[in-house]
Amino acid sequence: MQIFARLPPADPERLRDLQDRGWVRVREPKRALMTLLVSLPFMAVTAALTIGIFTLFSAVSLEDLGFAGSSFSFSISLPLVLGILAVLVFHELFHLLLIPDVLRSDSTGVGITALGAFVYTEDVLSRSRYLLITLTPFTIISLLFPIVLGIAGLLTPSFFFPILLNSMSSSVDLLTAILVLTQVPPGASLVSTGSITCWKKGRGTV
């Protein structure tokens, strides 16, 4: 496993070799900033889901979440900062630990850029595994965790902003999952080189 200072660039020679052997390039935004812009509608949806879950439980009101009439405010505190850091760490850990043989992989690692942290691998993954890796942080942190806390009566306003941050940052994950679901057939494999993702039917090898 590696630590990356930036997202590794795509290898043109490797990409040509993959395409020569039947790998198909996934149609996706070519730049990180464009990916972020395209994911903005998903960000609105994920943020609305978080607000909805919190307001679903009577112990938490809109006023508790910082909404008062038409205004919105919040204060920064040490527990809030620690909560946000914990969510960021767990988000990337869920991605990372679901990659098969992650500790022995020479082409897998984590990094951070101006747009946030990321997990990267050039290992071949099945479509189902790829989707599991992509969607698990949002599903667990932003959906299951607050719902379980709410049912148990433990969902307090202090959880709101860290979970909201996870929901909003998961918008790119949701966009990625939709691109795969709409372009890659079930049972196929996926592999990445830099920001480029390719797929092939069956258990592909590189």
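The structure this text deals with has already been given above.
None of the values given here were measured: they were computed from a predicted structure. (Residues numbered from 1 in each chain as written. Predicted model: local features only at pLDDT ≥ 70, side-chain atom pairs only at ≥ 80, totals over all residues. Heavy atoms only, no water.)

1. Quick look at the sheet that holds strand β2 (residues 24–25)
Right, on to step 1. Here four strands make up an open sheet; going across it, the order is β2-β9-β8-β7 and the pairing antiparallel. Two strands lie at the open edges of the sheet, namely β2 and β7 (125–126), each paired on one side alone.
Right, on to step 2. As paired strands, β7 and strand β8 (residues 189–193) are joined by two bridges and run antiparallel to one another. Directly across from S126, in β8, lies its bridge partner S189.
Right, on to step 3. In the packing of helix α1 (residues 12–20) onto the sheet, the strands contacted are β2, β8 and β9 (196–200), and the crossing angle to β8 comes to about 160°. (Pairing = 2+ DSSP bridges. Helix = DSSP H or I, 4+ residues; strand = E, 2+ residues; numbered from the N terminus. Contact = heavy atoms within 4.5 Å. Axes fitted to C-alpha atoms, helices over the stretch in contact; angles between N-to-C directions.)

2. Comments concerning a nonpolar patch on the surface
Right, on to step 1. A cluster of nonpolar side chains, contributed by I76, L78, V81, L82, L85, L88 and L165, occupies part of the molecular surface with about 650 Å² of accessible area.
Right, on to step 2. In terms of residue count, the dominant contributor to the nonpolar patch is helix α4 (residues 78–97) (five residues).
Right, on to step 3. Relative to the elements of secondary structure, L85 occurs in helix α4. (Patch = residues over 30% accessible without salt bridge, like charges linked within 9 Å, V, L, I, M, F, W, Y side chains within 5 Å. Areas by Shrake-Rupley, 256 points an atom, 1.4 Å probe, with all protein chains shown as cover. Salt bridge = Lys/Arg side-chain N within 4 Å of Asp/Glu carboxyl O.)

3. Comments concerning the nonpolar core
Right, on to step 1. Y130, V180, V184, L190 and W199 are the most contacted members of the largest nonpolar core, which totals 14 residues.
Right, on to step 2. Secondary-structure elements contributing two or more residues to this core are α5 (127–151) and α7 (171–183).
Right, on to step 3. No other element matches α5, which puts three residues into this core.
Right, on to step 4. The contacts of W199, once residues within four sequence positions are left out, are G22, W23, V24, V26, Q183, V184, P185, A188, S189 and L190.
Right, on to step 5. Of all hydrophobic cores here, the second largest spans eleven residues; its members include A47, F54, L80 and F160. (Core = buried A, V, L, I, M, F, W, Y, C linked by side-chain atoms within 4.5 Å. Buried < 20%, exposed > 50% of the residue type's maximum accessible area, 1.4 Å probe, protein only.)

4. Some words on the side chain of T193
Right, on to step 1. Counting through the fold element by element, T193 comes out in strand β8.
Right, on to step 2. Looking at T193, its side chain comes within polar contact range of the main-chain nitrogen of D11, at 2.9 Å.
Right, on to step 3. For T193, the contacting residues outside a window of four places in its chain are A10, D11, R14, L15, Y120 and E122. (Polar contact = N/O pair within 3.5 Å; in protein donor to acceptor, adjacent residues only side chain to side chain.)

5. Concerning the pattern of salt bridges
Right, on to step 1. Per the stated rule, a full pass over the model turns up three salt bridges.
Right, on to step 2. Note that E122 and R14 form a salt bridge whose closest N and O atoms lie 4.0 Å from each other. Linking E122 in the loop between β6 (116–121) and β7 with R14 in helix α1, this pair joins segments that are 108 residues apart in sequence.
Right, on to step 3. A salt bridge links R21 to D17; its shortest N-O distance comes to 2.8 Å.
Right, on to step 4. Classification of D17 as partly exposed rests on a relative accessible area of 36%.

6. Comments concerning the sheet that holds strand β5 (residues 108–113)
Pairing between sheet strands relies on hydrogen bonds along the backbone, with the strands arranged either parallel or antiparallel.
Right, on to step 1. An order of β1-β5-β6 is seen for the three strands of this open sheet, with the pairing classed as mixed. Only two strands of the sheet have a single partner each, and these edge strands are β1 (2–4) and β6. Averaged over all neighbouring strand pairs, the angle between strand axes comes to 25°, with direction disregarded.
Right, on to step 2. Relative to β6, β5 runs antiparallel, the two sharing six bridges. Looking at β6, one finds that T113 is bridged to G116.
Right, on to step 3. Sheet contacts for α4: β5 and β6; angle to β6, the most-contacted strand, approximately 5°.

7. Comments concerning the pairing of β8
Right, on to step 1. With respect to burial, β8 is a largely interior element, five of its five residues being buried.
Right, on to step 2. Burial along β8 is two-sided: the residues S189, V191 and T193 and L190 and S192 are all buried.
Right, on to step 3. Bridge count between β8 and β9: five bridges; the pairing is antiparallel. In the strand pairing of β9, S189 is matched with K200.

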